[in-house]
Amino acid sequence: MTQPANNAPLDFFWFIPTHGDGSYLGSERQQRPQEFAYFREIAQAVDRLGFPGVLLPTGQSCEDSWITAAGLAAHTERLKFLVALRPGVTSPVFAARQTAALDRLSNGRLLLNVVVGGNPVELAGDGVFLPHDERYEQAAEFLTIWRQLVSGETVNFEGKHYRVEGGRLDLLPAQDKPPLYFGGSSDAGQELAAEQVELYLTWGEPVAQVAEKIERARRKAAARGRQLRFGIRLHFIVRETEDEAWAAADRLISKITDEQIEIAQSRFLKEMDSVGQRRMAELHGGRRDKLVVAPNLWAGVGLVRGGAGTALVGSPQSIAARIREYQAIGIDTIIGSGYPHLEEAYRVAELLFPVLGLDGQRRTPRRSIENEFGVGFYGNKRLQAAS
Ligand SMILES: Cc1cc2nc3c(=O)[nH]c(=O)nc-3n(C[C@H](O)[C@H](O)[C@H](O)COP(=O)(O)O)c2cc1C
C-alpha cells in the first residue's frame, strides 16, 4: 500500500469503463466506443500516473472482466487488476483455475471483487434464479471451494449448491491467495464479507452512513475473530477551483432528460433487490435539486447510472479534506472514476495526488526546467532553474 507523506496509508485505484465512457451522461454525444484499444489507453495512463490498480466491473452491458484484464496485463507494468467475479454464473473450480492463470500471467497482480449481483432481471438473463439471501449462501459455498483450490488443497465438497469430488489445481496462483474484495450492503452480504473477504467496499455515501455501515461489518468480522480492511467507490470531479468543479458537474448531467431519470430510478427501486443500490437511490430520491448530499458529495451521477452514483466535487484541497474524513473512520482504499475516465485520471493524479501526498507520476530525471521545448522557457525570459 502507498504510504502518503504525513498521512494514513491509502491505495487510490481507478476504473476501466468496460460499459462505456463519454463526456455527458444520458446522451449519445461524445460517447466513446467500448473497445479494448481505449481500455488499454486508460490502463497504461493510470499505470504511469501512479494508480496502484484498476477495478473491472461485470454485468450484462460490460465487456468481460477476466478477458479484458488478461489483455491489459500484457500492456502494463505495475497496475493491479481488481477483477469482478460473479459466483452464480461460473463454477468455483473453473474460477479457481482462471484465478491461477491470470495471477501467473500478470505476475501476481490479480485481486478479485466478489459481486453477487443485485438485479434479478439481469441475473435471470444469466440463468441465475436464486432469491437475494440464497445468492449469498451460494457465494459462501463457492468461495469455500475456491479458497481451498487456490491454496493447493484437494477439494471434496458436498453442499446445497455445489458438489465437487477430488477437485484440484495443478498450477497454482503466483500469490499465496489473490485477495478478495467485496461490495454488498445487506445483512447477508456483510455476513459473507465477515466470513470470507479481506476488504469490504461501499459506494460513496456520506461519512456518517459509511461509518455506521463499516462498523456493522467490523463487528461481524470481529465475532469470527477476523479483521476487515475498508474501501470506498466514488467518482471524482476535481478542478483548480470549486466553481470550475461545480460547473463541470452541472455540464456532465446537462443532457439528461426527466424521462431518463424516471426510468432509471424506477429500475433501481423496483426491479433491483440490492440494498446498496437502494441506499444510493435514496440519497437524492431522483430529484435534481437534492444532489448535494454532504459537503462536496454530489449524487448527480446516480440520477441515471446504477451502482456508484456519487462524486466528490471540488478543489483539490476540499476533496482531500473529505478523503481524510473517510480515512479517519477506517477507509484505506479508494476506487475512483470520472467522465471521461482518461482525462479525469490525469486530473486526479495531477491535482489531487500531490495534496494527498501520494507519489503520483514517475518523474523523468532531469537537471533543470530550462529547456527550449519545455514549458519552463518563454522566449528570452528563462525561469529560475531549480538548483
Ligand atoms: C464497489 C462495488 C462494486 C460493485 N461492482 C459490481 C459489478 O461490477 N457488477 C455487479 O453486478 N454488481 C456490483 N456491485 C454490487 C454488489 O456486488 C451487490 O451485488 C449489490 O450491492 C447487491 O448486494 P446487497 O443487496 O448486499 O447490497 C458492486 C458493489 C460495490 C460496492
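Relevant structure appears above.
Going along each chain's sequence as written, the residues are numbered from 1 onward. For this predicted model, a pLDDT threshold of at least 70 governs which residues receive local features, and a threshold of 80 or more governs which side-chain atom pairs are given and counted, while totals over whole chains, interfaces and linings are taken from all residues. To obtain the side-chain values, all non-hydrogen atoms of the structure were included, while hydrogens and water were left out.

Right, let's talk about the overall build of the protein chain for a bit. A run of H or I in DSSP becomes a helix once it reaches four residues, and a run of E becomes a strand once it reaches two; helices and strands are each numbered from the N terminus. Broken down by element type, the protein chain carries 12 helices and 17 strands. The atom set for the radius of gyration is the C-alpha atoms, and the globule formula is 2.2 Å times the number of residues raised to the power 0.38. Radius of gyration (C-alpha) of the protein chain: 22 Å, near the 21 Å computed for a compact globule of 387 residues. With respect to the principal axes defined by its C-alpha atoms, the protein chain has extents near 80 × 50 × 40 Å. Burial analysis of the protein chain (387 residues in total) assigns 52% to the buried set. Counting only contacts in the protein chain whose residues sit at least 6 apart along the sequence, the fraction spanning at least 24 positions is 74%. When the accessible surface of the protein chain is totalled, it reaches about 17,600 Å², and 49% of it is carbon and sulfur. Under this rule, positive means Lys or Arg and negative means Asp or Glu; His and the chain ends count for nothing. Charged side chains are reduced to one point each, which is NZ for Lys, CZ for Arg, CG for Asp and CD for Glu. Computed over 45 positive and 48 negative side-chain charges, the separation of the two mean positions in the protein chain equals 4 Å. Buried means the residue's accessible area, taken with a 1.4 Å probe over protein chains only, is under 20% of the maximum for its type, while exposed means over 50%, and partly exposed covers the values in between. Here, two residues are considered to be in contact whenever any of their heavy atoms come within 4.5 Å of each other. Each accessible area is a Shrake-Rupley result for a 1.4 Å probe, and residues are judged covered by the shown protein chains and nothing else.

Taken together, 21 residues form the shell around the ligand, and within it T58, R86, H132, Y136 and S186 come nearest. Any N or O atom pair separated by 3.5 Å or less is treated as a polar contact, with the protein-specific requirement of one donor-capable and one acceptor-capable atom, and with residues adjacent in sequence counted only for side-chain atom pairs. A distance of 2.8 Å is found between an oxygen atom of the ligand and a backbone nitrogen or oxygen belonging to S185. In isolation the ligand exposes 630 Å². Once the protein is present, 91% of that is buried. Those elements that provide at least two residues to the shell around the ligand are α5 (132-150), β10 (199-203) and α10 (275-282). By the convention adopted, Pro, Cys, Tyr, Trp, Phe, Met, Ile, Leu, Val and Ala count as nonpolar, Lys, Arg, Asp and Glu as charged, and the other residues, Gly among them, as polar. Here the shell around the ligand is built from residues that sort into 7 nonpolar, 11 polar and 3 charged. Near is defined per residue: the residue qualifies when any heavy atom it owns lies within 4 Å of the molecule or strand.

Glycine aside, the phi torsion of most residues is negative, and most peptide linkages are trans. With an omega dihedral of -10 degrees, the bond running from Y339 to P340 counts as a cis peptide bond. Relative to the helices and strands, P340 is located in the loop between β15 (331-337) and α12 (341-356). At Q30, a position not held by glycine, the phi torsion is positive, near 55 degrees. Positionally, Q30 belongs in the loop between β2 (21-22) and β3 (31-32). We note that N296 has phi near 65 degrees; this positive angle belongs to a residue other than glycine.

Another point: the side chain of S185. Residue placement: S185 occurs in the loop between β9 (180-183) and α6 (187-196). For S185, the side chain forms a polar contact with the side chain of K213, separated by 2.7 Å. Ignoring any residue separated from it by four or fewer positions in sequence, one finds S185 in contact with Q190, Y200, K213, R216, V275, G276 and R279.

Salt bridge, as applied in this entry: a Lys or Arg side-chain nitrogen positioned within 4 Å of an Asp or Glu carboxyl oxygen. A full pass over the atoms with the stated rule returns 28 salt bridges. Linking R288 and D258 is a salt bridge whose minimum nitrogen-to-oxygen distance equals 3.0 Å. A residue pair is termed long-range when its members are at least 10 positions apart, and R288 in the loop between α10 and β12 (292-294) and D258 in helix α9 (residues 258-271) qualify at 30 residues. With a closest N to O distance of 2.8 Å, E344 and R347 form a salt bridge. Note that E344 and R347 are positioned in helix α12 at a spacing of 3 residues, about one turn of the helix. Assessed through its relative accessible area of 32%, R347 is described here as partly exposed. Each of D187, E205, E212, K213, R216, K220 and R279 takes part in salt bridges that share partners, so that together they form one network.

Throughout this description, the term nonpolar core refers to a set of buried Ala, Val, Leu, Ile, Met, Phe, Trp, Tyr and Cys residues connected via side-chain atoms within 4.5 Å. Grouped together as the largest cluster of nonpolar side chains are 99 residues, with contacts concentrated most on F12, F51, F236, W298 and I323. In this structure I323 touches L10, F12, F236, L312, I334, L352 and L356, once residues within four positions along its chain are discounted. Judged by nonpolar contacts, the second largest core, of 9 residues, contains L82, Y181, L199 and I335.

Before going further, it helps to spend a moment on empty space enclosed by the protein. Any residue with an atom within 4 Å of a point lines the site, the site being either a cavity, points on a 1 Å grid over the protein atoms alone where a 1.4 Å probe fits but cannot get out, or a pocket, an open set with protein on both sides within 12 Å along at least 5 of 7 lines. Grid points are joined across faces, edges and corners, and a volume is the space filled by probe spheres set on the points. This model, assessed by the stated rule, comprises 1 cavity of 30 Å³ or more. Put simply, the largest cavity is a space of about 40 Å³. P87, G88, V116, V128, R135, Q138 and A139 are the residues that line the largest cavity.

With that out of the way, let us pick up the packing of aromatic side chains. In this analysis, rings of Phe, Tyr and Trp, with Trp reduced to its six-membered ring, are considered paired at centre separations within 6.5 Å, and the interplanar angle assigns stacked below 30 degrees, edge-to-face beyond 60, and tilted for intermediate values. Taken as a whole, this structure holds 10 aromatic pairs when the rule is applied. Ring centres of F12 and F51 lie 5.9 Å apart, and the angle between their planes is 80 degrees; on these two criteria the pair is classed as edge-to-face. Of the two residues, F12 sits in strand β1 (residues 11-15) while F51 sits in the loop between α1 (36-49) and β4 (53-56), which places them 39 residues apart along the sequence. Just as F12 is buried, F51 falls in that class too. A centroid spacing of 6.0 Å and a plane angle of 65 degrees characterise the contact between Y136 and F182, whose relative ring orientation is edge-to-face. On the criterion of sequence distance, the pair formed by Y136 in helix α5 and F182 in strand β9 is long-range, its members being 46 residues apart. Its relative accessible area of 9% is what places Y136 among the buried residues. F182 sits in the buried class, given a relative accessible area of 0%. Within the aromatic cluster, the residues linked to one another by ring pairs are F12, W14, F51, F236 and F353. Think of it as a cone above the ring: NZ of Lys or CZ of Arg counts as a charge over the ring if it is within 6 Å of the ring centre and within 35 degrees of the ring normal. In this structure, R233 is placed above the aromatic ring of F15, and the distance from its NZ or CZ to the ring centre is 4.2 Å. Directly above the ring of Y24 sits K255, whose terminal nitrogen or CZ lies 4.5 Å from the centroid.

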